[in-house]
Amino acid sequence: MVIHKAVIPAAGLGTRFLPATKSTPKEMLPIVDKPAIQYVVEEAVAAGLNDVLMITGRSKRTLADHFDAAPELEATLEAKGDLARLELVRASTDLADVHYVRQGQPKGLGHAVLCAKHHIGNEAFAVLLGDDLIDARDPLLPDMLKLQERTGGSVIALLEVEPDQINPYGCAAAVPLEGGGLDEVRITGLVEKPDAADAPSNLAIIGRYVLNPAVFGVLETTGPGRGGEIQLTDALATLAGMPAEQGGGVYGVVFRGRRYDTGDRLDYLKAVVRIAADRPDLGPDFRNWLAEFVPSLHT
Ligand code: G1P
C-alpha cells in the first residue's frame with residue numbers, strides 16, 4: 001500500500017522564541033516570507049503525502065487559518081488584479097488535505113504521535129518535525145519511503161554529527177544494512193539525547209520518520225523517558241528489537257543533503273540567511289549586501 005499520510009507534531013510552546021511566540025505558533029515564524037510549517041507541508045506533498053495531520057494545541061489557530069481559504073484577502077487581491085499575490089495566498093490552501101487533532105497535554109513527541117492513531121489506522125505513515133527543514137533540492141523522504149516499503153519496518157533519518165554535538169539529538173547504534181545501499185543501515189539501539197561520553201555513535205536522528213503502525217501499540221506501553229516525556233526514540237528502540245511479523249525492525253537513511261535547523265534562535269537566523277541567499281528573487285541583492293556587510297564585522 002502506498003504511503004500517503006503525514007503527521008506533523010506542532011503542539012510545542014515555542015518558548016525559545018518568546019516573546020514572538022506568545023500568541024503566534026513558532027511554526028508560523030517566517031523563513032524569509034513563508035511560515036516554516038509551509039516548507040514542511042510542501043516537502044510532504046512533494047513526496048506524495050497529501051493527507052497531513054497536524055498535532056496542535058492551544059493558541060494554534062493561525063496554523064489552521066494558514067491552510068484554509070482567506071476569502072476577504074483573496075477578494076481584495078482579486079479586485080486589485082494582483083494575481084501573483086493571489087496565487088501565493090491560494091497556494092497553501094490547495095496544498096494538501098490538512099487535518100488537526102489537539103494534543104491537550106504536552107507529554108512529549110511520542111505522545112504527540114500517539115494522538116495520530118485514529119487518523120492513521122493500520123497503515124505506515126510519515127512523521128515530519130517542523131524544526132528541521134530539508135532542502136527541496138535534496139529530497140530525503142522518497143528514499144525513506146522506499147526503504148520502508150522494502151523492509152516493512154520503520155525508517156528514521158540520520159545525520160553524522162561531530163561526536164561532541166550529539167547531545168541535542170536522539171542517537172542511533174547501527175550496522176550496515178545487508179544488501180542495502182551505502183547510506184542505509186539497520187538500527188540496533190537508540191538512546192534519546194545521550195551525553196557525548198555515553199553516545200553509541202555519532203549518528204543523530206533528524207526529524208523525519210516513516211513508521212510502521214505497530215509504533216502505536218508500543219507507544220501505549222512506553223513510560224516517560226528523558227525529561228519525563230514519552231519519547232518516540234524509546235518506542236523506536238523497542239520496535240528495533242521486535243520481529244518483523246509484529247511490525248518490528250528499524251532502519252535508517254543517512255542524509256547527506258542540505259538541512260536547515262530552525263529549532264533555536266541562532267540556528268533560525270542561519271537558516272533564514274542561507275535560504276534568502278539562495279532565493280532567485282532576493283538572493284542576488286542579498287548576497288551583494290552580505291558580501292559588504294560580513295567583512296565590516298571584522299574591522
Ligand atoms: C526530537 C527527538 C530527537 C531528535 C530531534 C530531531 O527532539 O526526540 O530524538 O533527534 O527531535 O530534531 P526535540 O528536538 O524535539 O527535543
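Anyway, here's the lowdown on the structure attached to this text. As the structure is a computational prediction, the values presented were derived from the model and not from experiment.

Side note on the overall build of the protein
- Regarding its fold elements, the protein presents 11 helices and 13 strands.
- On C-alpha atoms alone, the protein measures out to a radius of gyration of 20 Å, which is about the 19 Å that the 2.2 N^0.38 rule sets for 299 residues.
- Referenced to the eigenvectors of the C-alpha coordinate spread, the extents of the protein come out at roughly 60 × 50 × 35 Å.
- Counting only residues that meet the buried cut, the protein has 47% of its 299 residues in that class.
- Within the protein, residue pairs in contact and separated by at least 24 positions form 75% of the contacts whose partners lie at least 6 positions apart.
- For the protein, the accessible surface area stands at approximately 15,200 Å², while carbon and sulfur atoms represent 54% of it.

Considering the pairing of strand β6 (residues 125-128)
- Residues F125 and V127 of β6 are buried on one face, and the alternating residues A126 and L128, pointing to the opposite face, are buried as well.
- Of the pairings in the sheet, the one linking strand β1 (residues 5-9) to β6 comprises 2 bridges and is parallel in character. Residue pairing across strands places V7 opposite V127, the latter belonging to β6.
- Strand direction decides the pairing type here: β6 and strand β11 (residues 203-211), joined by 4 bridges, are antiparallel. For V127, the partnering residue across the bridge sits in β11 and is Y209.

The rules behind these values
Residues numbered from 1 in each chain as written. Predicted model: local features only at pLDDT ≥ 70, side-chain atom pairs only at ≥ 80, totals over all residues. Heavy atoms only, no water. Helix = DSSP H or I, 4+ residues; strand = E, 2+ residues; numbered from the N terminus. Rg over C-alpha atoms; globule rule 2.2 N^0.38 Å. Buried < 20%, exposed > 50% of the residue type's maximum accessible area, 1.4 Å probe, protein only. Contact = heavy atoms within 4.5 Å. Areas by Shrake-Rupley, 256 points an atom, 1.4 Å probe, with all protein chains shown as cover. Pairing = 2+ DSSP bridges.

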